[in-house]
Structures are given as C-alpha cells and as structure tokens.
Amino acid sequence: MPSSPEQIEERLQAIREWEQRYFENREMDTWSVQELQAEALSRFPEKWQKKLIEGVDRFLFYTQSMILNANVQREVEERILATARVFRDDIANITDVRKLTLEQNQFIRMQLVAKQRLYAFGQGGITGFGGPFLLAADLPLLMAINLRTVQLSALSFGYDMRHPAEMMIALKVFEVGSSPFSAQYQGWKELESEQENIVGDFPGFYNGSEQIINEEWLHQPLRQIGKLAMIFMLRKKLIQGVPLIGIAYGAYSNYRLAKQVSDISGYYYERRYLLERWHEKG
C-alpha cells in the first residue's frame, strides 16, 4: 500500500484533477441528441418505462449472479491471487490483495481490463456484420462485458464480489459508467457516499436503495439502438464483399463505451481504496 499520507494525498489530487478534466465539458454533450432522446422517451408510457427499468435491473442482477457463480470467476480470482503472490507471499484471499502497493493493484487491474476492452471491440466488430441475431445480441452482450469490467476493477483493489454490498455497489458503478455523459457527474458524486451503505455490524450487507437504473440511463440504450440502425443501413456497403464500414463503426462504438466504463470504475475503486488507506493511517 502507499507508504505515507503524502503519497496518498498526491494520488488523490491526481484523481481530483482527472475528475475536473473528465466532467467539465459533459454538460455540453450534444444537446440536440439529448433532446431527441428525451422526446422519444416522453412518448413512451410511464408505466412501460418503469417496467423497462425493472426489467433491466433484473437482467443486471441475474447477469452479475451468473458471472460470479461461474467457473470463470474462480479462475480469475486464482489468477489475481497468483499475480499478487509474486509481489507478496502472504496473500491468501481477495481481500489480502489490498496489502499490495497501489502500483501493484493498478498493474493487476490494467492486465484484466485491457482484455475487456478488446472483447468489447471484437464484439462490436462482429455486430458490424449486421445480421439480425448479431444486432439483437449486441446490447445484452455489451452490458455483460462492461459489468464484468467493473467487477474486475473491484477485485483488483481487493473488494470481494461475493459480499452482497459489493455486488450492489458494483452495479451502481456500472450504471454511472454506462450512463450518458450528461448524467454521469451526478451519479459520480452519489458514488462517493455508497460505502456508507455497507452495514458495519454485519459486513457485506447493504443498506441503500436497490434500484440501479433510472430514466436518464435509458438514453444510453436509445443511443445503442441508433448505432444498430446505422450498422443495419451500412450492411450493404461492402468492400471486397465485407461490410468493413459497419464493422469499424460497431467496433469503435463499443470500445468507446467500454473505455468510459473502465475509466469510471478504475478511478472509483482506486479513490475508495486510497481514502480507506488514508483513514487507516489516521
């Protein structure tokens, strides 16, 4: 872990500078597009909006549970522990990963998250072929890939995803990371107090709201639908028999969203880790 309060403060200041750069122009995020999206949502009956939000919440809970109970989760945890033991031989479980230095945690995270961005890039490229099945599968797969990115960021800083509270916080980090730019800052500020919802007397229990998705988040699927419509139109723009323009557009769009989620989740868990170390050093 960082060796002094001065080093912790230096890194926290770097994160504050990133926060200022990242969010300062988000309110300028294509107002005409936002207005069109708001208009489209306003035509959607409120009761159906609520049903859609509930459906997305259920999908996220189910997807997270499925990932965390799969063999791949245990394999990833073992890889993280094996890498951590290269640096320290007293690492026994995921929470012990917090014994590493910040640079070592960052190294582990970068290895894991880089693969996730490649998965998103490749999945978007495949979607770019424009087939009906590929188009229909794009949004669920993209959500699963980006949710996994958040989980891996948490694990890299020693947060055990088997705890219910950590599962809820990861879902909320995903929501902020995948929201339209204009809605991210408010969500980011709300994340600052999320660890307060962890019940101290019962480690792992969560005392906050269990609703993940809100109305503003629904603008993101509308953007994805617009992307899919564009890919569908580009499917006949062939170069040597291959829809290269659609493939490039799909790959770039999915990579861009994956990087956005990766940045938000990485900085969130790093800041949380540093603040906890700060309080421990008193």
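Residues numbered from 1 in each chain as written. Predicted model: local features only at pLDDT ≥ 70, side-chain atom pairs only at ≥ 80, totals over all residues. Heavy atoms only, no water.

The protein chain appears in an unreviewed UniProt entry as EcsC family protein from Salicibibacter kimchii.

### Details of empty space enclosed by the protein
Under the criterion given, the structure shown has one cavity of 30 Å³ or more. A volume near 50 Å³ is recorded for the largest cavity. Contributing to the lining of the largest cavity are Leu139, Leu142, Met143, Asn146, Phe174, Ser178, Trp217, Gln220, Gln224 and Leu257. Elements supplying a minimum of two residues to the lining of the largest cavity: helix 6 (132-156), helix 7 (164-178) and helix 9 (219-234). With four residues, the single largest contributor to the lining of the largest cavity is helix 6. When the residues that make up the lining of the largest cavity are grouped by side-chain class, the tally is six nonpolar, four polar and no charged. (1 Å grid on protein atoms, 1.4 Å probe; cavity = no way out; pocket = protein on both sides within 12 Å on 5 of 7 lines; lining within 4 Å. Points joined across faces, edges and corners; volume = space filled by probe spheres on them. Helix = DSSP H or I, 4+ residues; strand = E, 2+ residues; numbered from the N terminus. Nonpolar A, V, L, I, M, F, W, Y, C, P; charged D, E, K, R; others polar.)

### Let's talk about the pattern of salt bridges
According to the stated counting rule, one finds 16 salt bridges in the structure shown. For the salt bridge of Lys172 with Glu194, the shortest nitrogen-to-oxygen distance reads 3.7 Å. Within this pair, whereas Lys172 is found in helix 7, its partner Glu194 is found in the loop between helix 8 (181-191) and helix 9, the two being separated by 22 residues in sequence. No difference in accessibility class separates Lys172 from Glu194, as the two residues are buried. Put simply, Glu19, Lys189, Glu192 and Arg271 are held in one network by salt bridges that share partners. (Salt bridge = Lys/Arg side-chain N within 4 Å of Asp/Glu carboxyl O. Buried < 20%, exposed > 50% of the residue type's maximum accessible area, 1.4 Å probe, protein only.)

### Things to note about the packing of aromatic side chains
Under the definition given, this model contains 13 aromatic pairs. With a centroid separation of 5.4 Å and an interplanar angle of 65°, the aromatic rings of Trp18 and Trp188 are classed as edge-to-face. Separated by 170 residues along the polypeptide, Trp18 in helix 1 (residues 5-23) and Trp188 in helix 8 bring together distant segments of the chain. The same class applies to Trp18 as to Trp188, namely buried. Measuring from ring centre to ring centre gives 5.9 Å for Phe23 and Trp188, while their planes differ by 45°; the resulting arrangement is tilted. Of this pair, Phe23 sits in helix 1 while Trp188 is found in helix 8, placing the two residues 165 residues apart along the sequence. For the pair formed by Phe23 and Trp188, the shared burial category is buried. Each residue in the set Trp18, Tyr22, Phe23, Phe181, Tyr185, Trp188 and Tyr267 is aromatic and connected to the rest through ring pairs, giving one cluster. Above the face of the Phe232 ring, Arg235 is positioned so that its terminal group lies 3.7 Å from the ring centre. Arg277 extends its terminal NZ or CZ atom over the ring of Tyr273, reaching a point 5.4 Å from the ring centre. (Phe/Tyr/Trp six-rings, centres within 6.5 Å; stacked < 30°, edge-to-face > 60°. Lys NZ or Arg CZ within 6 Å of the ring centre and 35° of its normal.)

### Looking at the side chain of Gln151
By the element assignment, Gln151 lies in helix 6. Apart from residues lying up to four places away in sequence, Gln151 is in contact with Gln64, Ile67, Leu68 and Met161. (Contact = heavy atoms within 4.5 Å.)

### Let's talk about the environment of Val97
With respect to the helices, strands and loops of the structure, Val97 is situated in the loop between helix 4 (71-87) and helix 5 (102-127). C-alpha separation for the pair Val97 and Thr83, spaced 14 residues apart in sequence, amounts to 9.7 Å. Setting aside residues no more than four positions away along its own chain, Val97 makes contact with Ile80, Leu81, Ala84, Ile91, Asn105, Leu155, Ser156 and Gly158.

### A look at helix 8
Within the sequence span of helix 8, burial applies to Phe181, Ala183, Gln184, Gly187, Trp188 and Leu191. Down the axis of helix 8, the buried set is contained in an arc of 140°. They therefore lie on one face. (Arc of directions from axis to C-beta.)

### Describing the environment of Ala154
Relative to the helices and strands, Ala154 resides in helix 6. A relative accessible area of 0% means that Ala154 is categorised as buried. Between the C-alpha atoms of Ala154 and Ile94, which are 60 residues apart in sequence, the distance is 10.0 Å. In contact with Ala154, other than residues within four places in its own chain, are Tyr159, Met161 and Tyr269.

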